[in-house]
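Architecture and fold: a report
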Amino acid sequence: MQEENCIFCKIANGEIPSKSIYEDEEFRVILDLGPAAKGHALILPKSHYANLFELPEETAKKVIVLAKKLGNQMMDKLHADGFNLMQNNGEAAGQTVFHFHMHLIPRYKDDNQKIQWVPGKPTGEELEEIQKQIIY
Ligand code: AMP
Ligand code: ZN
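Each value, and the rule that gives it
- Residues numbered from 1 in each chain as written.
- Chains lettered and ligands numbered in written order.
- Predicted model: local features only at pLDDT ≥ 70, side-chain atom pairs only at ≥ 80, totals over all residues.
- Heavy atoms only, no water.
- Helix = DSSP H or I, 4+ residues; strand = E, 2+ residues; numbered from the N terminus.
- Buried < 20%, exposed > 50% of the residue type's maximum accessible area, 1.4 Å probe, protein only.
- Lys, Arg positive; Asp, Glu negative; His and termini not counted.
- Salt bridge = Lys/Arg side-chain N within 4 Å of Asp/Glu carboxyl O.
- Polar contact = N/O pair within 3.5 Å; in protein donor to acceptor, adjacent residues only side chain to side chain.
- Contact = heavy atoms within 4.5 Å.
- Donors = N, O, S within 2.8 Å, 3.2 Å for Na, K, Ca; no water.
- Tetrahedral: all angles 85-135°; square planar, octahedral: opposite > 155°, others 65-115°.
- Pairing = 2+ DSSP bridges.
- Axes fitted to C-alpha atoms, helices over the stretch in contact; angles between N-to-C directions.

This part takes up the side chain of D32. Its location among the elements puts D32 in the loop between β2 (27–31) and β3 (41–45). Buried charge without a salt bridge: D32, with K19 as the nearest opposite-charge side chain at an N-O distance of 13 Å. Of the polar contacts made by the side chain of D32, one reaches the backbone nitrogen of G34; its length is 2.7 Å. Aside from chain neighbours lying at most four places away, what touches D32 is H40, A41, L42 and H103.

And the structure:
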């Protein structure tokens with residue numbers, strides 16, 4: 001199902017042109033217009049799911065398999081030195097387009113990009129408290 005006014009629904013379903021590198025019945029994979037590095041691509045499901053939590057399990061599994069296949073291809077063809085998989089959920093986490101997408105980011109030794117965080121310094125007690133809260 002598509003959502004009205006969702007740009008990634010329109011791109012995924014071919015209603016807005018994009019630089020596709022892969023397409024099947026369920027997904028389109030496009031080049032990101034604001035790439036972190038050469039070859040940065042986005043896996044878009046053709047159906048609208050706002051984020052990971054709305055994505056059906058079967059679709060989520062296929063996303064990872066596709067990421068692995070295309071990641072291999074990118075590493076090989078673009079002579080990348082590394083590879084980041086990224087996926088943002090919610091504004092607080094940096095999501096700007098609210099249609100699920102997985103970032104595929106080939107990385108190069110000299111790409112001068114930083115995809116990193118400042119590490120915190122929790123005490124052992126603080127870690128235990130969090131562990132109790134989220135243990136599954
Ligand atoms: P996120 O911040 O995880 O929601 O990522 C959104 C990504 O979509 C960013 O990397 C943008 O550069 C990219 N983006 C936004 N609009 C387009 C578009 N029309 N075509 C290709 N990439 C886009
Ligand atoms: Zn959508």
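Another aspect to go through is the coordination of the zinc ion (ligand 2). The coordination sphere of the zinc ion (ligand 2), as far as protein atoms go, consists of C6 (SG), C9 (SG), H48 (ND1) and H99 (ND1), spread over 2.0 to 2.3 Å. Around the zinc ion (ligand 2) sit four donor atoms, and with donor-metal-donor angles ranging over 105 to 115 degrees the site reads as tetrahedral.

A few words now on the sheet that holds strand β1 (residues 20–23). Taken together, the five strands give an open sheet; going across it, the order is β1-β2-β3-β5-β4, and neighbouring strands pair in antiparallel fashion. Because the sheet does not close on itself, it has two edges, and the strands there are β1 and β4 (82–86). For this sheet the average axis-to-axis angle between neighbouring strands, irrespective of direction, equals 15 degrees. Two strands pair when backbone bridges link them, and β1 and β2 are joined in this way by three bridges, in the antiparallel orientation. Looking at β2, one finds that Y22 is bridged to V29.

The quantities given are spatial measurements derived from coordinates; they are silent on function.
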